[in-house]
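Tertiary structure, described
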Amino acid sequence: MSVFRLRALCALLIIPFCTLAQSVNQYYEQALSAYDGQKPDTAFIHLKNALRDDPKHLPSRLLLGKIYFEHGIFSESEHELTIALQAGADINLVLPTLGNSLLLQKKSSELLKYDQYYNQLDRFGQFEWHMLAGQAYLQQDKPESAEHEFQKALAKAANDTRALNTLASHYIDQAQHLKATSLLEKSIQLDPQNKKTLLIQAKVQRLNNNRDEEFRLLKAAEALDGNDPIILRELVANLLNRGNIEQAIDLNETILSQSPNDPTAILIKAQWLKGQGKDKEANTLLEALANNLSLFDGSGGNVELVTGMTADMLKNEEAAVKSFRAHLVNHPDDVETITLLTQQYLRGGNFNKAIDVLQQHSRAVYRDLPLGIQLVNLLLQEKNPFKASQVVSELKQHFPADPRLTLLQGRIFASTNQPEIAIATLLQTPPDKRNLRFNILLAKLYLKIGKLAESEKIVNDIPAPENDSDKVLWLNLLASQATAQKQFSNAKKFASDALIIANGNLESRYLFANAAMLAGEMQIAEQQFKAMLADYPNHIPSALALAKLMLNKGDVDQAQSYLTKLLSYSPDDTAGRELQLALYMHTNQWLLAEKLVAELRKTDGLEPRYLLNQAVVFQALQQQEKAATNYQVLFEQWLNDKDGLNTLLAAQINAQAWSSAISTLKRLLILQPNDTRLQVTLARANFATGDLKQANAILSTLEKVRKWLPK
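We now turn to the structure provided with this report. Numbers given for residues are sequential positions, taken from 1 along each chain in its written order. A pLDDT threshold of at least 70 governs which residues receive local features in this predicted model, and a stricter bar of 80 or more applies before side-chain atom pairs are shown or counted, although totals over entire chains, interfaces and linings include all residues. The side-chain values count all of the structure's non-hydrogen atoms but skip hydrogen atoms and water molecules.

Before going further, it helps to examine the overall build of the protein chain. Helix numbering and strand numbering both begin at the N terminus, where a helix is a DSSP run of H or I of at least 4 residues and a strand a DSSP run of E of at least 2. Secondary structure assignment for the protein chain yields 42 helices and zero strands. For 711 residues, the compact-globule formula gives about 27 Å, and the C-alpha radius of gyration of the protein chain, at 38 Å, lies well above that figure. For the protein chain, the spread of C-alpha atoms along the principal axes amounts to about 145 × 60 × 45 Å. The proportion of buried residues among the 711 residues of the protein chain is 43%. A separation of at least 24 residues holds for 46% of the contacts in the protein chain among residues at least 6 apart in sequence. Within this scheme the basic residues Lys and Arg register as positive and the acidic residues Asp and Glu register as negative, but His and the chain ends are omitted. Charge placement uses NZ in Lys and CZ in Arg. For Asp and Glu, CG and CD serve respectively. Computing the positive centroid from 75 side-chain charges and the negative centroid from 78, the protein chain places the two 7 Å apart. A radius of gyration in this sense is built from C-alpha atoms; the matching globule rule multiplies 2.2 Å by the number of residues raised to 0.38. Only protein chains enter the accessibility calculation, which uses a 1.4 Å probe; a residue whose area is less than 20% of its type maximum is buried, one above 50% is exposed, and one in between is partly exposed. Working rule for contacts: check all heavy atoms of both residues, and any pair within 4.5 Å makes them a contact.

Here the focus is the pattern of salt bridges. Only one rule defines a salt bridge in this text: a Lys or Arg side-chain nitrogen within 4 Å of an Asp or Glu carboxyl oxygen. Under the counting rule described, the total for this entry stands at 27 salt bridges. The residue D141 makes a salt bridge to R363 at a minimum N-O spacing of 1.5 Å. Highlighted residues: D141 in the loop between helix 8 (123-139) and helix 9 (143-156) and R363 in helix 22 (residues 362-366), separated in sequence by 222 residues. By relative accessible area, which is 43% here, D141 ends up partly exposed. In this structure R363 comes out as partly exposed when scored by relative accessible area, which is 26%. Note that K195 is salt-bridged to D225, the shortest N-O span being 2.8 Å. Here K195 is found in helix 12 (residues 195-207), whereas its partner D225 is found in the loop between helix 13 (211-224) and helix 14 (229-241), with 30 residues between them in sequence. Overall, D225 belongs to the partly exposed group, its relative accessible area being 25%. Residues joined by salt bridges that share partners form a network here, namely R206, R211, E214 and E234.

This brings us to the packing of helix 23 (residues 369-381) against helix 24 (residues 385-398). Look at helix 23 against helix 24: their axes get within 8 Å of each other, and the N-to-C directions meet at 165°. Overall, the two elements helix 23 and helix 24 adopt an arrangement that is roughly antiparallel. When the axes of helix 23 and helix 24 are compared, the crossing they make is left-handed. Contacts between helix 23 and helix 24 involve L369, G372, I373, L375, V376, L379 and L380 from the former and P385, K387, A388, V391, V392 and L395 from the latter. Lines fitted to C-alpha atoms define the axes, with helix axes restricted to the stretch in contact, and inter-axis angles between N-to-C directions lie between 0 and 180 degrees. Relative orientations are named as follows: roughly parallel for angles under 35 degrees, roughly antiparallel for angles over 145 degrees, roughly perpendicular for angles from 65 to 115 degrees, and oblique for any other angle. Crossings are classed by handedness, with left-handed meaning an anticlockwise turn of the near helix from the far one by less than a right angle and right-handed meaning a clockwise turn.

Okay, the nonpolar core next. Buried residues of nine kinds, namely Ala, Val, Leu, Ile, Met, Phe, Trp, Tyr and Cys, make up a nonpolar core once their side-chain atoms join them within 4.5 Å. In terms of nonpolar packing, the biggest core is built from 32 residues, with I338, L341, L358, L375, V376, V391 and L395 touching the most fellow members. If you list the elements that add at least two residues to this core, you get helix 19 (317-330), helix 20 (335-347), helix 21 (351-360), helix 22, helix 23, helix 24 and helix 25 (403-415). A total of eight residues in this core trace back to one element, the largest contributor, which is helix 23. Filtering out sequence-adjacent residues up to four positions away, V391 remains in contact with Y366, G372, L375, V376 and L379.

Next up on the list: helix 27 (residues 436-448). Here helix 27 contains 13 residues, and its C-alpha end-to-end distance of 18 Å stays within 8% of the 18 Å for a straight helix at 1.5 Å per residue. Judged by how many residues are buried, helix 27 sits mostly within the fold: ten of 13 residues are covered. Every buried residue of helix 27 is accounted for by L436, F438, N439, I440, L441, L442, A443, L445, Y446 and L447. Packed against the buried residues of helix 27 are helix 25, helix 26 (419-426), helix 28 (452-461) and helix 29 (468-484). Polar contacts, as used here, are pairs of N or O atoms within 3.5 Å; protein pairs need one atom able to donate a hydrogen and one able to accept it. Residues neighboring in sequence count only if both atoms are side-chain atoms. Two or three places before R437, at the opening of helix 27, N435 has a side-chain oxygen 3.3 Å from that residue's backbone nitrogen. In the segment just after helix 27, G450 is the residue with positive phi, at about 80°. To estimate the expected span of a helix, count its residues, drop one, and scale the result by 1.5 Å.

Quick look at the structure:
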């Protein structure tokens, strides 16, 4: 019954119905009979007549409040029931309907004031109070207080399925699925025919991505009530997600036959029609839906959501975003709308806005694993591993055993150039929980630290995937492995095969160009890197490769141009800053080099490359003592490392740091006592430092040895 119809009926009350002098009780009895006969219009008239004759007639007042409530006129229901309570009505009779009227108007504070009546409530009334108070606290964003009230309600009625299901639903919203499952198992044992319990159980399975079990539970619910639109909609969604499109569309037609104006069913049909290339027919449906929605007040319910979905399908991005945002004002934890709004921004390339939406609704996002994973991926894409790590920590509180979070942690460590820690993190995952993407990341990390055998073992154990998207990932891994093994022709072939499946795949394009560069095919590599950079101006690896290519060609200006572009997009990129240092040193810009190498050493003070480059810079700036300090630190690091000491020696000789070189040479001669080359170099170093006596002694020894050598 609409508000307009009730007002029209009120106008009828001016007709003198009391000419028969009926009593108030007779009016009430007639109203009750009409109500039981599902004639609310007639009942309404009799009740208004009764209350006209006796405004204090409580049974009429209570029944009128109930009729208002059942027809969605909650403010009038609240008004009638409040009068009844003030007139002395039993709080146990008033509270359930009055409380729900207040909740549906989002008047949680007003509802909670009725706790003053708690001691007047019987056991059933107290049970209802705790259920209502729990919902009120949820409206106030106080989940702990709500849980406390729901637990109190369950304590009052331990075998009440409504209490069990309500607390279970609350646990699901808090991502406490094990607790929810336990309560639901008890609920279904108490009432195996309870479709509400089956629907909640199906939701748990959906959230755990167990679509087959969700389908079984929904079919069980459908067997109990095959006309329930909620059950039918859930079944349609399940069938669509499981790829059973024809069954889903047939069932959706059943919903439309029952409710021709059902917005969700219309949206599904329109989407299907568009997939069939019937855009005109689909748009006709959507435009009719949009016109119908415009007649409603969008301040509550799901009108804004459906309006947004309709606008989205009609490709009206601005209207869709506006409607989704309006819906989230009143439903900030609506995961579906958060997802739709995020996708809207992502399709438009507005990654920062997508991140903002997910962060603004973080409470819901942290309790929904797919959304949480999407936020982490976006943060990693935007080079924000610190925030990504914080999100993973929040997700782990709700999904502590999910292997996907371990994979994300590994990716975070990999993105911050900590491959060893990333590997150690990933290896915590049990072997039976490791999927294709897990193994691909682990293999790539082994490649990064030079453990080709470990990587090759993983690669050999991965069967060729059937799914195209997975096959591209696998081929890219094979290309990476072949590159590490210097099999550049194979690397190019694997990357080319991936591009046949996914033309334009950025990683595949890069792997092909990189293999060409390493194979000496510089012209091909340069063309490929430039093409990628034209398509993706912020693609750091391409800019870095081009800078190296230009530097090797001697085109310093072009190299600097690419480096400047790279560092403008990613100022903290380590490889880019290292190449910038090399460029400064190559062009004798020693003061700039000094500043940059000092900044790099702040990130890793004992990194040998930084120490060595800084020593060279100090030598160029005539800061001999500082250079000697760096050489000494490296000498101690590489005391038993022949390769490291030889690297140090080469740098010392090149910088003519002969005093430091002598210590290095002496240590190398202990490790390589018969190395004539080292002895000659030591003699040379002694000559350079003015120690002619020692230099001649070394040469004399070498001459004696030479005489004894076979002719």
